[in-house]
Amino acid sequence: MDAWQLAGYAAWAISALLLGWMVLDAIRVNREYSEDLLLSSREGYDELLEHERTGDRR
Amino acid sequence: MARRYEPPRQSGIGQFIDSIFIVALVYAAMFLPLIFGLTGGGTVTNVPETVTWESLGQNPTMAAQWEKLGYTPESAAEIISTRFDYTIDPVWFIITALVIGGYFVFVVRYSDKEYREVISERFE
Amino acid sequence: MTDHAIAAGQPQRINLLKVLGPAHVWALGVGIVLVGEFMGWNFSVGKGGALGSLIACWVIGLLYTCVAMIDSEVTSTVAAAGGQYAQAKHIIGPLMAFNVGLYLVMAYTMLEAADALVVGDLLAAVAGTETFNTQPWVVLTIAVLAFLNYRGVFMTLTVNFIITAAAFISLVVLFVGTQPWNPGAVLQHRELLTDLPYGWIGVIAAFHFGIWYYLGIEGTCQAAEEVRSPGRSLPLGTMSGMITLLIAASITWYAASGLLPWEYLGQAFTPMYDSAVVTGSDFLKVFLAIGTVLSAVASANGCINDAARAWFSMGRDRYVPLWFGAVHPRYRTPFRSILILIPIAISFAFTGLLDQVITFSILSGLLGYTFMPINMILFRRKWPLNSIRRGYVHPFHPIPALVLLALCIATYFAVFLGYGNQLLAMMAFYIGASLWFAFHRYKYVRRGDQFTMSWPKPQGY
């Protein structure tokens with residue numbers, strides 16, 4: 001019974017660690033890169049068409 | 001449409017409020033039926049007076065499987081005797097059909113109106 | 001050709017990574033669905049009896065075969081991360097697209113919450129203590145999978161391939177373990193199968209949960225922007241996924257209906273685990289418990305992937321705040337969308353309302369399937385064959401579209417039988433959201449930019 005409780009605390013701790021890392025990383029990215037670059041993706045048609053035209057699949 | 005439509009810039013606060021609004025709407029849709037007690041399937045339960053595997057309509061093979069799962073006739077009686085109620089209320093049936101049908105007609109029609117604008121701007 | 005002005009003056013443009021192959025597509029589609037074979041499909045037994053469930057399994061299998069055919073054609077042509085959302089945007093129009101995007105986000109986020117609940121509940125069953133707290137396990141499941149998704153799609157779906165295959169194998173092992181070649185030894189179909197308890201109306205009612213045999217296979221489309229060659233990989237991954245699921249659904253039904261009385265099966269929370277218990281084999285018991293957890297994890301993983309892609313695409317078009325349309329410069333994932341959906345999924349899971357959450361997920365899926373035939377018919381009308389290059393052309397048009405539409409209508413009726421109130425509550429949600437979008441949100445959207453395919457002008461416009 002105690003083992004499960006302990007494992008439960010460990011689960012909370014690991015979750016907090018992972019979630020914390022993601023939030024910090026997201027904040028770091030927001031600082032280091034310009035918003036225009038982050039929002040620069042477009043629906044992937046252009047690349048696809050290039051491949052189709054040249055017959056290059058990779 | 002000769003002129004391109006230039007949308008207004010949305011403030012950070014506005015973006016935040018819009019995000020919150022959608023989430024709030026989802027919660028409302030989930031909890032409203034719960035608050036008004038409208039959830040769950042419509043079921044009826046008729047437990048026979050004397051509860052044995054036979055009176056519950058279970059043959060020996062079925063009874064054996066129930067027992068392997070740890071049930072007795074008493075503990076299984078309610079599960080076995082619960083049935084869905086499939087009587088159809090015509091008024092609600094028609095209302096539901098109209099709501100779903102109307103929703104799709106509205107969405108497709110209104111989308112088409114917006115779509116014409118998109119196409120004329122894209123292919124001008 | 002309108003090239004987008006934002007790119008001018010920028011050193012480069014970042015997109016999602018194109019790294020996935022057909023196996024990843026298969027893992028994404030089957031991974032999301034397979035949990036339905038371990039639990040949930042059996043509620044159809046409750047609504048229509050064991051034979052009713054089998055008929056529903058086949059009829060709904062036909063529904064999904066139509067879905068897979070239609071999706072393969074449209075997505076191999078509209079290869080964008082939003083999947084059906086991007087299809088709707090190009091073929092029907094903005095309001096429909098907004099609704100489809102919401103169906104996707106809702107169906108997947110709700111399913112993700114349900115999957116996490118299942119992991120917690122199964123651990124609680126294993127622990128066997130009354131004070132067991134499932135919350136840390138629900139959060140841990142979502143946190144680990146979100147982390148995986150955040151760090152890159154290739155690893156995410158490679159992991160999904162492995163756990164999905166393992167879960168599928170556990171179903172096959174159970175099937176073999178019941179000695180299907182030796183009826184009467186373990187399997188007792190002769191004694192356990194009854195007549196239809198509700199008659200034929202029960203068979204129709206069973207369509208409702210029959211959807212759970214396959215719900216989510218259409219999620220393969222969400223990978224379109226990250227697949228190396230969408231024209232080949234998407235139809236291949238989707239169709240092979242569909243075949244896998246038809247096999248899985250059949251052996252699942254056969255094993256479970258030969259082991260459990262239908263009244264029990266119709267309300268069980270872990271039917272495959274219970275089936276293993278009844279065989280009396282400890283090996284099968286452990287194996288199926290692990291299989292159930294793996295299938296739930298694989299499903300949640302795929303759901304995070306898909307819900308985030310849909311939300312991301314809507315952000316890119318400003319259907320929801322633009323902020324969400326960002327790509328991580330290093331991992332090339334829609335990181336803000338992944339992050340924002342974490343607390344939402346966790347809060348849904350913490351409500352503990354498994355059946356509400358599931359019903360919402362099923363109905364959102366069903367609305368999405370109703371959209372598909374309309375989409376397909378308009379697609380062929382606006383761009384007839386040979387007017388644009390299609391990656392795949394499905395045969396017998398418009399029969400699959402019409403069959404799909406008819407089956408959707410029958411399934412609404414099935415949901416109405418017994419769950420009419422939830423159906424109306426959910427319609428109220430989508431109607432409210434539509435009005436909000438049409439009369440408020442759409443003013444922030446750039447009109448012409450929504451159409452990104454390099455196709456000719458649609459016919460009739």
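Preceding this paragraph is the structure being described.
Residues numbered from 1 in each chain as written. Chains lettered and ligands numbered in written order. Predicted model: local features only at pLDDT ≥ 70, side-chain atom pairs only at ≥ 80, totals over all residues. Heavy atoms only, no water.

Draft legend 1. Representation of the overall build of chain C. When you go through chain C residue by residue, the secondary structure sums to 15 helices and 0 strands. Over its C-alpha trace chain C gives a radius of gyration of 22 Å, about what one expects of a compact globule, namely 23 Å for 461 residues. Overall, the C-alpha framework of chain C stretches about 70 × 45 × 40 Å when taken along its three principal axes. Here chain C holds 461 residues, and the buried ones make up 69% of them. Nonlocal contacts in chain C, meaning residues at least 24 apart in sequence, comprise 84% of its contacts between residues at least 6 apart. Between the averaged position of the 25 positive side-chain charges in chain C and that of its 20 negative side-chain charges there is a distance of 18 Å. (Helix = DSSP H or I, 4+ residues; strand = E, 2+ residues; numbered from the N terminus. Rg over C-alpha atoms; globule rule 2.2 N^0.38 Å. Buried < 20%, exposed > 50% of the residue type's maximum accessible area, 1.4 Å probe, protein only. Contact = heavy atoms within 4.5 Å. Lys, Arg positive; Asp, Glu negative; His and termini not counted. Charge placed at Lys NZ, Arg CZ, Asp CG, Glu CD.)

Draft legend 2. Quick peek at the pattern of salt bridges. One pass over the structure, following the stated rule, counts 14 salt bridges over all chains. For B:E117, the salt bridge is made with C:R447, and the minimal N-O distance between the two is 2.6 Å. Of this pair, B:E117 sits in helix 4 (residues 90-122) while C:R447 is found in the segment after helix 15 (399-439), placing the two residues in two different chains. Judged by its relative accessible area of 27%, B:E117 falls in the partly exposed class. Close ionic contact of C:K89 with C:D317 constitutes a salt bridge, the shortest N to O distance being 2.6 Å. Of the two residues, C:K89 is situated in helix 3 (residues 84-91) and C:D317 in the loop between helix 12 (282-316) and helix 13 (335-351); the sequence distance between them amounts to 228 residues. For the pair formed by C:K89 and C:D317, the shared burial category is buried. Here the salt bridges share partners, and the residues they tie into one network are A:D25, A:R28 and A:E32. (Salt bridge = Lys/Arg side-chain N within 4 Å of Asp/Glu carboxyl O.)

Draft legend 3. Region of interest: helix 4 of chain B. Along its 33 residues, helix 4 of chain B runs 47 Å from first to last C-alpha, staying within 8% of the 48 Å computed at 1.5 Å per residue. Where helix 4 of chain B begins, the side chain of B:D89 points an oxygen toward the backbone nitrogen of B:V91, at a separation of 3.1 Å. (Expected span 1.5 Å × (residues − 1). Polar contact = N/O pair within 3.5 Å; in protein donor to acceptor, adjacent residues only side chain to side chain.)

Draft legend 4. Structural context of the interface of chain A and chain C. With 38 residues of chain A at the contact, the number on the chain C side is 55 residues. Carbon and sulfur atoms supply 64% of the area that chain A and chain C bury against each other, a total of about 4,200 Å² over both sides. One can count 1 salt bridge joining chain A with chain C. Measuring nitrogen to oxygen at the nearest pair gives 2.9 Å for the salt bridge that ties A:E35 to C:R336. Where chain A packs against chain C, one counts 12 residue pairs in polar contact (both at pLDDT 80 or more). The set of elements that each furnish at least two residues to the side of chain A that touches chain C consists of helix 1 (2-32), helix 2 (35-38) and helix 3 (45-54) of chain A. Sorting elements by how many residues they give to the side of chain A that touches chain C places helix 1 of chain A first, with 17 residues. (Buried area = accessible area lost by both parts, 1.4 Å probe.)

Draft legend 5. View of the packing of helix 2 (residues 43-77) of chain C against helix 9 (residues 230-257) of chain C. Residues and elements named next belong to chain C. In contact at an axis separation of 9 Å, helix 2 and helix 9 are set at 175° when each is read in the N-to-C sense. In terms of axis orientation, helix 2 runs roughly antiparallel to helix 9. A class-by-class count of the residues in the contact of helix 2 with helix 9 yields 16 nonpolar, 10 polar and no charged. (Axes fitted to C-alpha atoms, helices over the stretch in contact; angles between N-to-C directions. Parallel < 35°, antiparallel > 145°, perpendicular 65-115°, else oblique. Nonpolar A, V, L, I, M, F, W, Y, C, P; charged D, E, K, R; others polar.)

Draft legend 6. Local environment of the arrangement of the chains. In this assembly, 2 pairs of chains are in contact, and the pair with the greatest number of contacts comprises chains B and C. Kept free of each other, chain A and chain B leave a smallest C-alpha distance of 13 Å between them.

Draft legend 7. Main features of the packing of aromatic side chains. If you walk through the whole model with that rule in mind, you get 51 aromatic pairs over all chains. Centre to centre, the rings of C:F43 and C:F269 are 6.3 Å apart; their planes meet at 85°, and the pair counts as edge-to-face. Of this pair, C:F43 sits in helix 2 while C:F269 sits in the loop between helix 10 (262-265) and helix 11 (271-279); the two residues are 226 residues apart in sequence, bridging distant segments of the chain. For the ring pair C:F98 and C:W436, a centre distance of 6.0 Å and an interplane angle of 45° mean the geometry is tilted. With C:F98 in helix 4 (residues 94-127) and C:W436 in helix 15, this residue pair connects regions lying 338 residues apart in the sequence. In this structure, C:F98 and C:W436 share a single accessibility class: buried. Feature note: the residues B:F84, B:Y86, C:F43, C:Y198, C:F209, C:W212, C:F269 and C:Y419 constitute an aromatic cluster, connected by ring pairs. Here the guanidinium or amino end of B:R122 rests over the ring plane of B:F123, the centre of that ring lying 5.1 Å away. C:R390 extends its terminal NZ or CZ atom over the ring of C:F379, reaching a point 4.3 Å from the ring centre. (Phe/Tyr/Trp six-rings, centres within 6.5 Å; stacked < 30°, edge-to-face > 60°. Lys NZ or Arg CZ within 6 Å of the ring centre and 35° of its normal.)

Draft legend 8. Molecular detail of the side chain of C:D317. Given the relative accessible area of 11%, C:D317 is considered buried. Of note is the side chain of C:D317, whose polar atom sits 2.6 Å from the side chain of C:K89. Contact partners of C:D317, with chain neighbours within four places excluded, come to A:E43, C:Y85, C:K89, C:V445 and C:Q450.

Draft legend 9. Up close: the interface of chain B and chain C. Listed by partner, the interface residues are 65 residues for chain B and 94 residues for chain C. Summing the contributions of chain B and of chain C, the shared interface buries around 7,100 Å²; its carbon and sulfur component is 70%. Considering only the surface of chain B that becomes buried against chain C, B:Y86, B:Y115 and B:R122 emerge as the three largest contributors, covering 11% of it. Here chain B and chain C share 4 salt bridges between them. Across the pair B:E6 and C:R446 runs a salt bridge whose closest N-O atoms are separated by 2.9 Å.

Draft legend 10. Focus on helix 2 of chain C. Residues and elements named next belong to chain C. Here helix 2 contains 35 residues, and its C-alpha end-to-end distance of 37 Å is more than 12% below the 51 Å for a straight helix at 1.5 Å per residue. At G49, helix 2 shows its largest kink, close to 115°. Among the 35 residues that make up helix 2, 28 are buried, leaving the element largely enclosed by the rest of the structure. (Bend = angle between axes of the 7 residues up to and from the residue.)

Draft legend 11. Region of the structure containing a nonpolar patch on the surface. Among the surface-exposed residues, A:L6, A:Y9, A:W12 and C:F350 lie close enough to one another that they form a single nonpolar patch of about 440 Å² accessible area. With 3 residues, the top contributor of residues to the nonpolar patch is helix 1 of chain A. As for its position among the elements, C:F350 is in helix 13. (Patch = residues over 30% accessible without salt bridge, like charges linked within 9 Å, V, L, I, M, F, W, Y side chains within 5 Å. Areas by Shrake-Rupley, 256 points an atom, 1.4 Å probe, with all protein chains shown as cover.)

Draft legend 12. Inspection of the state of the cysteines at higher detail. Residues and elements named next belong to chain C. Taken as a whole, this structure holds 0 disulfides over all chains when the rule is applied. Considering cysteine sulfurs only, C408 is the nearest to C66, which forms no disulfide, with 9.2 Å between them. Overall, the relative accessible area of 5% leaves C66 in the buried class. (Disulfide = S-S within 2.5 Å.)

Draft legend 13. Highlighting the side chain of C:N375. Along the polypeptide, C:N375 turns up in helix 14 (residues 354-382). Residue C:N375 is classed as buried on the basis of its relative accessible area, which comes to 0%.

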